[in-house]
Structures are given as structure tokens and as C-alpha cells.
Amino acid sequence: MDMIGSIADYSMTMSQSQLLTNVSTKVLDMALDSFQGQADEITKLMEASVQPYLGKNINTYV
């Protein structure tokens, strides 16, 4: 019986480990999606802030 109990314990441990891995992967996937959305918004803000006509001319007075 000891070997059967050991196999059952091992099986439960493996199942819990697989569940933990799956949950961790899903949380990381959600975080990646969130960061990607934030990066897209920052990119849009940076593109909107570009003013190419500034800095092309220098006014000098003599």
C-alpha cells in the first residue's frame, strides 16, 4: 500500500504543479497584453506630439 500511496501523492503533486504552471502562464499572458496596450498608447502619444516644423529655422539679428 505504501507504493500505491506514493504514486497517488506523486500524481497529485504533478497535477498541482501543472495547474500552477498553467495559471502562471495565463497571468503572464494577461500582463503582456496589458503592457502591449500601454506601449501602443505611448507610441500614439509620442507620434501625436511630433512637430516637424519646429527647429528648422533659426532667427538671427545682427
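Before reading further, recall that the structure is shown in the block above.
Remember, predicted model here, so these are calculated numbers, not experimental data.

1. Topic: the overall build of the protein chain
Stage number 1. Across its full length, the protein chain holds one helix and zero strands.
Stage number 2. Seen through its principal axes, the protein chain has C-alpha atoms that stretch 100 × 20 × 10 Å.
Stage number 3. By the burial criterion, 0% of the 62 residues in the protein chain qualify as buried.
Stage number 4. As displayed, the protein chain has an accessible area near 6,300 Å², and 64% of this comes from carbon and sulfur atoms.

2. Quick notes on the environment of Gly5
Stage number 1. Considering the arrangement of structural elements, one finds Gly5 in helix 1 (residues 2–49).
Stage number 2. Taking the C-alpha atoms as reference points, Gly5 and Lys56, separated by 51 residues in sequence, lie 79 Å from one another.

Rules and cut-offs
- Residues numbered from 1 in each chain as written.
- Predicted model: local features only at pLDDT ≥ 70, side-chain atom pairs only at ≥ 80, totals over all residues.
- Heavy atoms only, no water.
- Helix = DSSP H or I, 4+ residues; strand = E, 2+ residues; numbered from the N terminus.
- Buried < 20%, exposed > 50% of the residue type's maximum accessible area, 1.4 Å probe, protein only.
- Areas by Shrake-Rupley, 256 points an atom, 1.4 Å probe, with all protein chains shown as cover.

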